[in-house]
Amino acid sequence: MIQISDYLNLDDILSDEHKMIRESVKDWVDREVIPIIDDANQKHKSPDYLIKQMGELGALGSFIPEKYGGFGLDQIAYGLIMQELERGDTSIRSTASVQTSLVMYPILEFGSEKQKEKYLPKLATGEFIGAFGLTEPNHGSDPGNMETKFSEKDDHYLLNGAKMWITNASICDVAVVWAKDEQGKVKGLIVEKGFKGFTTPETHKKWSLRASSTGELVFDNVKVPKENLLPNISGLKGPMMCLNSARYGIAWGVLGAGFDCFNTALQYSLERKQFRKPIASFQLTQKKLAEMLTELTAGQLMIHRVGQLKNEDKATPAQISMVKRNNVNTALKVARESRQVLGAMGITGEYPIMRHMMNLESVITYEGTHDIHLLITGLDITGIAAFK
Ligand code: TGC
Ligand code: FAD
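Here we look at the pattern of salt bridges
- Scanning the entire structure with this criterion turns up 18 salt bridges.
- Here the salt bridges do not stand alone but share partners, grouping Lys26, Asp30, Glu84 and Arg87 into one network.

Section: the pairing of strand S4 (residues 174–180)
- Across the 7 residues of S4, 7 count as buried, placing the element largely inside the fold.
- Burial along S4 is two-sided: the residues Val174, Val176, Trp178 and Lys180 and Ala175, Val177 and Ala179 are all buried.
- The pairing of strand S1 (residues 130–133) with S4 spans 4 bridges and is parallel. Across the sheet, the residue bridging to Ala131 is Ala175, located in S4.

Some words on the site of ligand 2
- The full set close to ligand 2 counts 18 residues, and Phe132, Thr135, Ser141, Trp165 and Thr369 are the nearest of them.
- Between Thr135 and ligand 2, the recorded distance is 2.7 Å, taken from a side-chain N or O atom to a nitrogen atom.
- Phe387 has a polar backbone atom sitting 3.1 Å from a nitrogen atom of ligand 2.
- Contact with the protein chains removes 67% of the 970 Å² of surface that ligand 2 exposes when unbound.
- If you list the elements that add at least two residues to the shell around ligand 2, you get strand S3 (156–167) and helix H10 (370–382).

Side note on the site of ligand 1
- If you check the shell around ligand 1, you find 25 residues, and the closest are Thr167, Arg247, Glu367, Gly368 and Lys388.
- Ser94 has a polar side-chain atom sitting 3.0 Å from an oxygen atom of ligand 1.
- Contact distances for ligand 1 include 2.9 Å between an oxygen atom and a backbone N or O atom of Gly368.
- A total of 1100 Å² of accessible area belongs to ligand 1 in isolation, and the protein chains cover 73% of it.
- Those elements that provide at least two residues to the shell around ligand 1 are helix H4 (90–110) and helix H6 (237–271).
- Among the elements that take part in the shell around ligand 1, H6 stands out by supplying 6 residues, more than any other.

Thoughts on the domain arrangement of the protein chain
- The domain boundaries assigned to the protein chain delineate domain 1 (10–129), domain 2 (131–228) and domain 3 (237–382).
- Domain 1 and domain 2 are separated by 23 Å when their C-alpha centres are compared.
- Across the boundary between the two partners, domain 1 contributes 29 residues, which contact 22 residues of domain 2.
- Together, the buried faces of domain 1 and domain 2 total about 2100 Å²; carbon and sulfur atoms form 60% of this surface.
- Three residues, His44, Tyr119 and Ile129, lead the burial of domain 1 against domain 2; their summed loss comes to 31% of the area buried on that side.
- In this assembly, domain 1 and domain 2 are joined by 2 salt bridges.
- Its salt-bridge partner being Lys118, residue Glu192 comes within 3.0 Å of it at the nearest N-O pair.
- Inspection of the region where domain 1 meets domain 2 yields 12 residue pairs in polar contact (both at pLDDT 80 or more).

About the thresholds
In every chain, residue numbers begin from 1 and rise along the written sequence. Written order decides the labels, with chains lettered from A and ligands numbered from 1. Side-chain atom pairs in this predicted model are given and counted only at pLDDT of 80 or more, local residue features only at pLDDT of at least 70, and totals for whole chains, interfaces and linings cover all residues. Neither water nor hydrogens contribute to the side-chain values; these are computed over all heavy atoms in the structure. By definition, a salt bridge exists where a carboxyl oxygen of Asp or Glu is found within 4 Å of a side-chain nitrogen of Lys or Arg. The rule is simple: take the accessible area with a 1.4 Å probe, protein chains only, and divide by the maximum for that residue type; under 20% is buried, over 50% is exposed, in between is partly exposed. Labels follow the DSSP assignment, with helices taken as runs of H or I lasting at least four residues and strands as runs of E lasting at least two, numbered in each case from the N terminus. Pairing between strands is defined by DSSP: at least two bridges between them are needed. Any residue with a heavy atom lying within 4 Å of a molecule or strand is counted as near it. In protein, a polar contact requires one atom able to donate a hydrogen and another able to accept it; more generally it is a pair of N or O atoms within 3.5 Å, and residues adjacent in sequence count only if both atoms are side-chain atoms. In these tables, accessible area is a Shrake-Rupley quantity obtained with a 1.4 Å probe, and a residue counts as shielded only by the protein chains included in the view. Each domain's limits were defined by an automated method or a database of domain assignments. Contacts are residue-level and defined by heavy atoms, with any inter-residue pair within 4.5 Å sufficient. Here the quantity called buried area is the total loss of accessible area, with a 1.4 Å probe, experienced by two parts when brought into contact, counted for both.

Structure below.
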(Lines give C-alpha, C1' and ligand atoms only; values in the text may rest on other atoms or scores of the structure.)
(Ligands and ions follow the chains in the order given, each with its own letter.)
Protein backbone atom coordinates (compact mmCIF):
# COMPACT_ATOMS: atom_id res chain seq x y z
CA MET A 1 0.00 0.00 0.00
CA ILE A 2 1.41 3.40 -0.99
CA GLN A 3 1.72 5.87 1.90
CA ILE A 4 3.29 9.29 1.33
CA SER A 5 3.56 11.45 4.41
CA ASP A 6 7.05 12.96 4.28
CA TYR A 7 7.67 14.30 0.79
CA LEU A 8 10.51 16.63 1.86
CA ASN A 9 12.31 14.11 4.09
CA LEU A 10 11.54 15.99 7.28
CA ASP A 11 12.35 12.81 9.17
CA ASP A 12 16.01 13.72 8.56
CA ILE A 13 15.68 16.57 11.05
CA LEU A 14 13.92 14.49 13.71
CA SER A 15 15.85 12.77 16.48
CA ASP A 16 15.72 9.00 16.99
CA GLU A 17 13.66 9.68 20.14
CA HIS A 18 11.10 11.69 18.11
CA LYS A 19 10.74 8.87 15.59
CA MET A 20 10.44 6.25 18.32
CA ILE A 21 7.71 8.21 20.10
CA ARG A 22 5.82 8.74 16.85
CA GLU A 23 6.04 5.02 16.00
CA SER A 24 4.76 3.94 19.42
CA VAL A 25 1.75 6.29 19.18
CA LYS A 26 1.17 5.20 15.58
CA ASP A 27 1.16 1.51 16.61
CA TRP A 28 -1.29 2.23 19.44
CA VAL A 29 -3.61 4.18 17.11
CA ASP A 30 -3.52 1.35 14.54
CA ARG A 31 -4.24 -1.24 17.21
CA GLU A 32 -6.72 0.48 19.53
CA VAL A 33 -8.31 3.40 17.67
CA ILE A 34 -8.69 2.50 13.99
CA PRO A 35 -10.67 -0.73 14.58
CA ILE A 36 -13.32 0.93 16.80
CA ILE A 37 -13.49 4.55 15.73
CA ASP A 38 -16.02 4.42 12.91
CA ASP A 39 -18.47 2.55 15.13
CA ALA A 40 -17.93 5.05 17.99
CA ASN A 41 -18.69 7.90 15.59
CA GLN A 42 -21.71 6.18 14.06
CA LYS A 43 -23.09 5.53 17.57
CA HIS A 44 -22.13 9.01 18.86
CA LYS A 45 -20.31 7.46 21.80
CA SER A 46 -16.91 8.47 23.17
CA PRO A 47 -14.52 5.55 23.86
CA ASP A 48 -13.55 6.83 27.31
CA TYR A 49 -11.68 3.63 28.20
CA LEU A 50 -8.91 4.77 25.83
CA ILE A 51 -7.98 7.71 28.08
CA LYS A 52 -6.05 5.60 30.63
CA GLN A 53 -4.28 3.85 27.75
CA MET A 54 -3.25 7.28 26.46
CA GLY A 55 -1.81 7.97 29.89
CA GLU A 56 0.28 4.78 29.72
CA LEU A 57 1.43 5.76 26.24
CA GLY A 58 2.72 9.16 27.42
CA ALA A 59 0.16 11.06 25.34
CA LEU A 60 -1.17 13.03 28.34
CA GLY A 61 1.24 15.62 29.67
CA SER A 62 4.09 14.83 27.27
CA PHE A 63 5.91 18.13 27.98
CA ILE A 64 5.01 18.28 31.70
CA PRO A 65 8.09 17.66 33.92
CA GLU A 66 8.63 14.10 35.09
CA LYS A 67 8.52 15.17 38.74
CA TYR A 68 4.78 15.83 38.28
CA GLY A 69 4.14 12.57 36.42
CA GLY A 70 4.68 14.00 32.92
CA PHE A 71 7.24 12.89 30.37
CA GLY A 72 9.47 15.98 30.00
CA LEU A 73 9.46 15.77 26.19
CA ASP A 74 10.01 18.69 23.82
CA GLN A 75 7.47 20.51 21.66
CA ILE A 76 8.24 18.55 18.47
CA ALA A 77 7.50 15.30 20.33
CA TYR A 78 4.22 16.82 21.59
CA GLY A 79 3.33 17.74 17.99
CA LEU A 80 4.16 14.31 16.60
CA ILE A 81 1.96 12.71 19.28
CA MET A 82 -0.93 15.02 18.33
CA GLN A 83 -0.43 14.22 14.62
CA GLU A 84 -0.61 10.47 15.14
CA LEU A 85 -3.61 10.71 17.49
CA GLU A 86 -5.58 12.83 15.01
CA ARG A 87 -4.72 10.43 12.19
CA GLY A 88 -6.91 8.12 14.27
CA ASP A 89 -9.63 10.63 15.07
CA THR A 90 -9.89 14.29 16.12
CA SER A 91 -11.81 13.27 19.24
CA ILE A 92 -8.81 11.30 20.54
CA ARG A 93 -6.44 14.20 19.86
CA SER A 94 -8.91 16.63 21.45
CA THR A 95 -8.84 14.73 24.72
CA ALA A 96 -5.03 14.74 24.76
CA SER A 97 -4.93 18.46 23.79
CA VAL A 98 -7.35 19.51 26.49
CA GLN A 99 -5.72 17.38 29.16
CA THR A 100 -2.14 18.46 28.33
CA SER A 101 -2.39 22.06 27.12
CA LEU A 102 -5.57 23.33 28.70
CA VAL A 103 -5.65 21.57 32.08
CA MET A 104 -2.14 20.39 33.03
CA TYR A 105 -0.37 23.40 31.49
CA PRO A 106 -2.27 26.06 33.51
CA ILE A 107 -1.89 24.06 36.72
CA LEU A 108 1.85 23.78 36.04
CA GLU A 109 2.32 27.43 35.03
CA PHE A 110 -0.13 29.20 37.33
CA GLY A 111 -0.82 26.70 40.14
CA SER A 112 0.54 26.37 43.68
CA GLU A 113 2.94 23.55 44.55
CA LYS A 114 0.09 21.82 46.39
CA GLN A 115 -2.18 22.00 43.32
CA LYS A 116 0.58 20.62 41.06
CA GLU A 117 1.20 17.68 43.38
CA LYS A 118 -2.49 16.98 43.85
CA TYR A 119 -3.67 17.08 40.23
CA LEU A 120 -0.83 16.66 37.71
CA PRO A 121 0.21 13.03 38.37
CA LYS A 122 -3.41 11.82 38.19
CA LEU A 123 -4.05 13.82 35.02
CA ALA A 124 -0.90 12.31 33.45
CA THR A 125 -2.14 8.75 33.98
CA GLY A 126 -5.70 9.50 32.93
CA GLU A 127 -7.02 8.64 36.40
CA PHE A 128 -8.39 12.20 36.36
CA ILE A 129 -10.04 13.58 33.23
CA GLY A 130 -9.80 17.34 32.77
CA ALA A 131 -11.92 20.00 31.08
CA PHE A 132 -11.29 23.66 30.25
CA GLY A 133 -14.09 26.18 30.61
CA LEU A 134 -13.68 29.44 28.73
CA THR A 135 -16.49 29.66 26.13
CA GLU A 136 -19.97 30.70 27.33
CA PRO A 137 -23.40 30.68 25.69
CA ASN A 138 -23.06 34.42 24.95
CA HIS A 139 -19.28 34.65 24.55
CA GLY A 140 -17.24 32.52 22.15
CA SER A 141 -14.83 34.66 20.14
CA ASP A 142 -14.91 37.38 22.81
CA PRO A 143 -14.09 35.54 26.04
CA GLY A 144 -13.00 38.86 27.58
CA ASN A 145 -16.69 39.71 28.03
CA MET A 146 -17.43 36.51 29.98
CA GLU A 147 -20.25 36.62 32.53
CA THR A 148 -19.24 33.73 34.82
CA LYS A 149 -18.12 35.28 38.10
CA PHE A 150 -17.14 34.50 41.66
CA SER A 151 -17.20 36.36 44.93
CA GLU A 152 -15.43 35.85 48.24
CA LYS A 153 -17.47 34.34 51.07
CA ASP A 154 -15.82 33.33 54.38
CA ASP A 155 -13.30 30.54 53.66
CA HIS A 156 -14.45 29.90 50.05
CA TYR A 157 -15.55 31.47 46.79
CA LEU A 158 -19.09 31.34 45.38
CA LEU A 159 -19.06 30.61 41.64
CA ASN A 160 -22.00 31.37 39.32
CA GLY A 161 -22.46 31.15 35.55
CA ALA A 162 -22.20 28.65 32.72
CA LYS A 163 -19.70 27.45 30.15
CA MET A 164 -20.77 25.85 26.88
CA TRP A 165 -19.21 23.64 24.18
CA ILE A 166 -16.78 22.12 26.65
CA THR A 167 -14.82 19.03 25.60
CA ASN A 168 -15.13 16.21 28.16
CA ALA A 169 -17.48 18.28 30.35
CA SER A 170 -19.73 15.41 31.37
CA ILE A 171 -16.88 13.00 32.12
CA CYS A 172 -14.49 15.41 33.81
CA ASP A 173 -13.09 14.96 37.31
CA VAL A 174 -11.59 18.46 37.34
CA ALA A 175 -12.30 21.56 35.30
CA VAL A 176 -10.07 24.61 34.96
CA VAL A 177 -12.69 27.35 34.85
CA TRP A 178 -12.07 30.98 33.91
CA ALA A 179 -14.29 33.48 35.73
CA LYS A 180 -14.26 37.13 36.82
CA ASP A 181 -13.62 38.17 40.41
CA GLU A 182 -15.43 41.04 42.12
CA GLN A 183 -13.03 43.53 40.50
CA GLY A 184 -13.81 42.11 37.04
CA LYS A 185 -10.38 40.41 36.68
CA VAL A 186 -10.29 37.03 34.91
CA LYS A 187 -8.98 34.29 37.23
CA GLY A 188 -8.65 30.50 36.99
CA LEU A 189 -10.39 28.13 39.43
CA ILE A 190 -10.09 24.37 39.73
CA VAL A 191 -13.61 22.97 40.07
CA GLU A 192 -13.97 19.32 41.05
CA LYS A 193 -16.68 16.85 40.15
CA GLY A 194 -19.03 16.54 43.11
CA PHE A 195 -18.90 20.17 44.25
CA LYS A 196 -22.50 21.04 45.19
CA GLY A 197 -24.27 23.09 42.49
CA PHE A 198 -21.83 21.99 39.73
CA THR A 199 -23.57 20.15 36.86
CA THR A 200 -22.32 19.07 33.42
CA PRO A 201 -25.13 18.38 30.93
CA GLU A 202 -24.07 16.62 27.72
CA THR A 203 -24.59 18.18 24.27
CA HIS A 204 -26.37 15.70 22.01
CA LYS A 205 -26.96 15.33 18.26
CA LYS A 206 -23.61 16.65 17.01
CA TRP A 207 -22.63 15.87 13.43
CA SER A 208 -18.97 16.46 14.24
CA LEU A 209 -16.65 15.05 16.91
CA ARG A 210 -19.21 12.35 17.58
CA ALA A 211 -16.65 10.19 19.41
CA SER A 212 -15.91 13.04 21.82
CA SER A 213 -18.08 14.09 24.69
CA THR A 214 -19.02 17.79 24.63
CA GLY A 215 -21.17 19.54 27.18
CA GLU A 216 -21.81 22.42 29.54
CA LEU A 217 -20.34 23.38 32.89
CA VAL A 218 -23.07 24.98 35.00
CA PHE A 219 -22.30 26.70 38.31
CA ASP A 220 -25.14 27.47 40.66
CA ASN A 221 -23.67 28.99 43.82
CA VAL A 222 -20.81 26.49 43.74
CA LYS A 223 -18.61 26.71 46.84
CA VAL A 224 -15.00 26.55 45.64
CA PRO A 225 -12.33 26.28 48.38
CA LYS A 226 -9.93 29.24 48.30
CA GLU A 227 -7.02 26.85 47.80
CA ASN A 228 -8.50 25.97 44.37
CA LEU A 229 -7.79 29.42 42.90
CA LEU A 230 -4.79 29.42 40.53
CA PRO A 231 -2.65 31.90 42.47
CA ASN A 232 -0.15 32.96 39.83
CA ILE A 233 -2.29 34.43 37.04
CA SER A 234 -4.71 37.27 36.54
CA GLY A 235 -6.26 38.53 33.32
CA LEU A 236 -7.34 37.12 29.96
CA LYS A 237 -3.74 36.35 29.08
CA GLY A 238 -4.02 33.30 31.42
CA PRO A 239 -6.46 31.31 29.27
CA MET A 240 -4.89 32.75 26.11
CA MET A 241 -1.48 31.33 27.06
CA CYS A 242 -3.12 27.90 27.40
CA LEU A 243 -4.66 28.37 23.96
CA ASN A 244 -1.23 29.12 22.44
CA SER A 245 -0.13 25.66 23.54
CA ALA A 246 -3.30 23.88 22.39
CA ARG A 247 -3.48 25.71 19.04
CA TYR A 248 0.11 24.70 18.36
CA GLY A 249 -0.79 21.03 18.98
CA ILE A 250 -3.85 21.32 16.75
CA ALA A 251 -1.70 22.61 13.88
CA TRP A 252 0.24 19.33 14.05
CA GLY A 253 -2.80 17.17 14.72
CA VAL A 254 -4.83 18.15 11.69
CA LEU A 255 -1.97 17.10 9.41
CA GLY A 256 -2.53 13.56 10.69
CA ALA A 257 -6.17 13.71 9.59
CA GLY A 258 -5.19 15.42 6.31
CA PHE A 259 -2.57 12.81 5.38
CA ASP A 260 -4.98 10.00 6.26
CA CYS A 261 -7.48 11.46 3.76
CA PHE A 262 -4.82 12.05 1.11
CA ASN A 263 -3.38 8.54 1.37
CA THR A 264 -6.84 7.01 1.29
CA ALA A 265 -7.63 8.97 -1.90
CA LEU A 266 -4.27 8.07 -3.46
CA GLN A 267 -4.72 4.34 -2.82
CA TYR A 268 -8.33 4.35 -4.00
CA SER A 269 -7.50 6.27 -7.18
CA LEU A 270 -4.84 3.70 -8.11
CA GLU A 271 -7.28 0.82 -7.65
CA ARG A 272 -10.58 2.25 -8.91
CA LYS A 273 -11.05 1.90 -12.68
CA GLN A 274 -13.40 3.93 -14.85
CA PHE A 275 -13.31 4.05 -18.65
CA ARG A 276 -11.03 0.97 -18.28
CA LYS A 277 -8.28 2.97 -16.61
CA PRO A 278 -7.37 3.76 -12.99
CA ILE A 279 -8.89 7.10 -12.08
CA ALA A 280 -5.35 8.08 -10.91
CA SER A 281 -4.40 8.22 -14.59
CA PHE A 282 -6.72 11.13 -15.31
CA GLN A 283 -5.15 14.59 -15.17
CA LEU A 284 -7.94 16.01 -13.02
CA THR A 285 -7.34 13.35 -10.34
CA GLN A 286 -3.59 13.96 -10.47
CA LYS A 287 -4.20 17.69 -10.06
CA LYS A 288 -6.15 16.97 -6.88
CA LEU A 289 -3.49 14.60 -5.52
CA ALA A 290 -0.57 16.89 -6.40
CA GLU A 291 -2.21 19.94 -4.88
CA MET A 292 -3.19 18.07 -1.72
CA LEU A 293 0.36 16.80 -1.16
CA THR A 294 1.85 20.24 -1.88
CA GLU A 295 -0.42 21.96 0.65
CA LEU A 296 0.06 19.30 3.33
CA THR A 297 3.84 19.49 2.87
CA ALA A 298 3.75 23.29 3.18
CA GLY A 299 1.80 22.85 6.41
CA GLN A 300 4.41 20.41 7.71
CA LEU A 301 7.21 22.89 7.01
CA MET A 302 5.35 25.67 8.80
CA ILE A 303 4.63 23.66 11.91
CA HIS A 304 8.13 22.17 12.10
CA ARG A 305 9.56 25.71 12.12
CA VAL A 306 7.05 26.94 14.71
CA GLY A 307 7.95 23.84 16.75
CA GLN A 308 11.64 24.79 16.66
CA LEU A 309 10.72 28.31 17.78
CA LYS A 310 8.49 26.93 20.51
CA ASN A 311 11.33 24.74 21.80
CA GLU A 312 13.36 27.94 22.15
CA ASP A 313 10.37 29.68 23.77
CA LYS A 314 10.34 32.14 20.86
CA ALA A 315 7.07 31.28 19.02
CA THR A 316 4.73 34.28 19.12
CA PRO A 317 0.95 33.89 19.58
CA ALA A 318 0.46 35.40 16.10
CA GLN A 319 2.80 32.83 14.51
CA ILE A 320 0.80 30.07 16.21
CA SER A 321 -2.48 31.62 14.98
CA MET A 322 -1.16 31.66 11.42
CA VAL A 323 -0.18 28.00 11.42
CA LYS A 324 -3.36 26.85 13.24
CA ARG A 325 -5.49 28.63 10.64
CA ASN A 326 -3.44 27.45 7.67
CA ASN A 327 -3.13 23.81 8.67
CA VAL A 328 -6.77 23.34 9.69
CA ASN A 329 -7.91 24.95 6.45
CA THR A 330 -5.52 22.75 4.45
CA ALA A 331 -6.68 19.57 6.19
CA LEU A 332 -10.33 20.46 5.63
CA LYS A 333 -9.76 21.23 1.92
CA VAL A 334 -7.83 17.96 1.56
CA ALA A 335 -10.68 16.05 3.22
CA ARG A 336 -13.23 17.60 0.82
CA GLU A 337 -11.07 16.89 -2.26
CA SER A 338 -10.31 13.34 -1.09
CA ARG A 339 -14.00 12.71 -0.59
CA GLN A 340 -14.58 13.61 -4.23
CA VAL A 341 -11.86 11.23 -5.41
CA LEU A 342 -13.76 8.37 -3.78
CA GLY A 343 -17.06 9.28 -5.40
CA ALA A 344 -20.01 7.71 -3.58
CA MET A 345 -17.71 5.46 -1.54
CA GLY A 346 -16.37 8.61 0.09
CA ILE A 347 -19.53 9.13 2.09
CA THR A 348 -19.41 5.76 3.83
CA GLY A 349 -17.78 4.69 7.08
CA GLU A 350 -15.76 2.14 5.10
CA TYR A 351 -13.26 4.96 4.66
CA PRO A 352 -12.19 7.61 7.21
CA ILE A 353 -12.60 10.67 4.99
CA MET A 354 -16.12 11.84 5.76
CA ARG A 355 -15.51 11.36 9.49
CA HIS A 356 -12.32 13.46 9.36
CA MET A 357 -14.13 16.07 7.27
CA MET A 358 -16.98 16.41 9.76
CA ASN A 359 -14.51 16.57 12.68
CA LEU A 360 -12.46 19.27 10.98
CA GLU A 361 -15.59 21.42 10.73
CA SER A 362 -15.31 21.73 14.53
CA VAL A 363 -11.56 22.27 14.51
CA ILE A 364 -11.90 25.20 12.10
CA THR A 365 -14.16 26.82 14.72
CA TYR A 366 -12.73 25.82 18.09
CA GLU A 367 -9.63 27.35 19.66
CA GLY A 368 -10.35 30.52 17.68
CA THR A 369 -12.28 30.52 14.40
CA HIS A 370 -10.69 30.68 10.95
CA ASP A 371 -11.62 34.36 10.68
CA ILE A 372 -10.49 35.33 14.20
CA HIS A 373 -7.05 33.87 13.44
CA LEU A 374 -6.93 35.85 10.21
CA LEU A 375 -7.71 39.01 12.19
CA ILE A 376 -4.95 38.15 14.70
CA THR A 377 -2.54 37.97 11.74
CA GLY A 378 -4.00 41.25 10.46
CA LEU A 379 -3.40 42.86 13.84
CA ASP A 380 0.17 41.56 13.91
CA ILE A 381 0.87 43.01 10.46
CA THR A 382 -0.85 46.39 10.86
CA GLY A 383 -0.97 47.00 14.60
CA ILE A 384 -4.72 47.61 14.23
CA ALA A 385 -7.29 45.28 15.88
CA ALA A 386 -10.13 44.77 13.39
CA PHE A 387 -12.20 42.53 15.67
CA LYS A 388 -13.54 45.31 17.86
P1 TGC B 1 -7.04 41.48 23.97
O2 TGC B 1 -7.41 42.82 24.51
O3 TGC B 1 -6.36 41.40 22.66
O4 TGC B 1 -6.12 40.73 25.04
C5 TGC B 1 -6.46 40.68 26.41
C6 TGC B 1 -5.20 40.24 27.16
O7 TGC B 1 -4.84 38.93 26.73
C8 TGC B 1 -3.52 38.96 26.14
N9 TGC B 1 -3.53 38.03 25.01
C10 TGC B 1 -2.70 37.00 24.92
N11 TGC B 1 -1.73 36.56 25.74
C12 TGC B 1 -1.06 35.44 25.38
N13 TGC B 1 -1.36 34.77 24.25
C14 TGC B 1 -2.33 35.16 23.41
N15 TGC B 1 -2.63 34.46 22.31
C16 TGC B 1 -3.06 36.34 23.73
N17 TGC B 1 -4.09 37.00 23.15
C18 TGC B 1 -4.38 38.05 23.95
C19 TGC B 1 -3.31 40.40 25.72
O20 TGC B 1 -1.94 40.70 25.62
C21 TGC B 1 -3.98 41.13 26.86
O22 TGC B 1 -3.13 41.08 27.97
P23 TGC B 1 -3.06 42.30 29.02
O24 TGC B 1 -2.01 41.90 29.99
O25 TGC B 1 -2.71 43.51 28.19
O26 TGC B 1 -4.43 42.41 29.62
O27 TGC B 1 -8.35 40.59 24.00
P28 TGC B 1 -9.69 40.72 23.16
O29 TGC B 1 -10.80 40.69 24.15
O30 TGC B 1 -9.60 41.87 22.23
O31 TGC B 1 -9.75 39.35 22.34
C32 TGC B 1 -8.74 39.03 21.45
C33 TGC B 1 -9.03 37.74 20.62
C34 TGC B 1 -10.28 37.87 19.81
C35 TGC B 1 -7.86 37.58 19.70
C36 TGC B 1 -9.06 36.50 21.53
O37 TGC B 1 -9.80 36.66 22.66
C38 TGC B 1 -9.35 35.21 20.82
O39 TGC B 1 -8.40 34.56 20.40
N40 TGC B 1 -10.64 34.72 20.71
C41 TGC B 1 -10.92 33.35 20.33
C42 TGC B 1 -11.41 32.59 21.55
C43 TGC B 1 -10.92 31.16 21.59
O44 TGC B 1 -9.95 30.79 20.94
N45 TGC B 1 -11.55 30.36 22.39
C46 TGC B 1 -11.13 29.00 22.57
C47 TGC B 1 -11.87 28.33 23.71
S48 TGC B 1 -11.12 26.81 24.21
C49 TGC B 1 -11.44 25.72 22.99
O50 TGC B 1 -11.95 26.00 21.97
C51 TGC B 1 -11.00 24.34 23.27
S52 TGC B 1 -11.35 23.19 22.04
C53 TGC B 1 -10.54 21.93 22.74
C54 TGC B 1 -10.45 20.67 21.99
O55 TGC B 1 -11.39 19.85 22.06
O56 TGC B 1 -9.37 20.39 21.40
P1 FAD C 1 -18.98 33.11 17.65
O2 FAD C 1 -17.93 33.79 18.45
O3 FAD C 1 -20.41 33.46 17.93
O4 FAD C 1 -18.69 33.37 16.10
C5 FAD C 1 -19.65 33.11 15.08
C6 FAD C 1 -19.07 33.62 13.76
O7 FAD C 1 -18.83 35.03 13.86
C8 FAD C 1 -17.72 32.97 13.41
O9 FAD C 1 -17.64 32.76 12.03
C10 FAD C 1 -16.70 34.04 13.82
O11 FAD C 1 -15.48 33.96 13.08
C12 FAD C 1 -17.49 35.31 13.51
N13 FAD C 1 -17.00 36.45 14.31
C14 FAD C 1 -17.08 36.61 15.65
N15 FAD C 1 -16.51 37.78 16.01
C16 FAD C 1 -16.03 38.35 14.86
C17 FAD C 1 -15.32 39.54 14.58
N18 FAD C 1 -14.94 40.40 15.53
N19 FAD C 1 -15.00 39.79 13.28
C20 FAD C 1 -15.34 38.93 12.29
N21 FAD C 1 -16.03 37.78 12.51
C22 FAD C 1 -16.34 37.49 13.78
N23 FAD C 1 -14.56 26.07 24.36
C24 FAD C 1 -13.97 25.92 25.58
O25 FAD C 1 -13.83 26.89 26.33
N26 FAD C 1 -13.53 24.71 25.99
C27 FAD C 1 -13.64 23.59 25.22
O28 FAD C 1 -13.21 22.50 25.63
C29 FAD C 1 -14.25 23.71 23.95
N30 FAD C 1 -14.46 22.60 23.18
C31 FAD C 1 -15.18 22.70 22.02
C32 FAD C 1 -15.52 21.53 21.33
C33 FAD C 1 -16.30 21.61 20.17
C34 FAD C 1 -16.70 20.36 19.47
C35 FAD C 1 -16.69 22.87 19.68
C36 FAD C 1 -17.48 22.97 18.41
C37 FAD C 1 -16.36 24.03 20.36
C38 FAD C 1 -15.62 23.96 21.55
N39 FAD C 1 -15.32 25.10 22.31
C40 FAD C 1 -14.71 24.99 23.53
C41 FAD C 1 -15.87 26.40 21.92
C42 FAD C 1 -15.10 27.11 20.81
O43 FAD C 1 -13.88 27.61 21.26
C44 FAD C 1 -15.99 28.24 20.26
O45 FAD C 1 -17.03 27.62 19.55
C46 FAD C 1 -15.23 29.21 19.38
O47 FAD C 1 -14.31 29.97 20.14
C48 FAD C 1 -16.18 30.18 18.61
O49 FAD C 1 -17.15 30.70 19.45
P50 FAD C 1 -18.72 30.63 19.02
O51 FAD C 1 -19.01 29.24 18.62
O52 FAD C 1 -19.48 31.23 20.13
O53 FAD C 1 -18.82 31.53 17.72
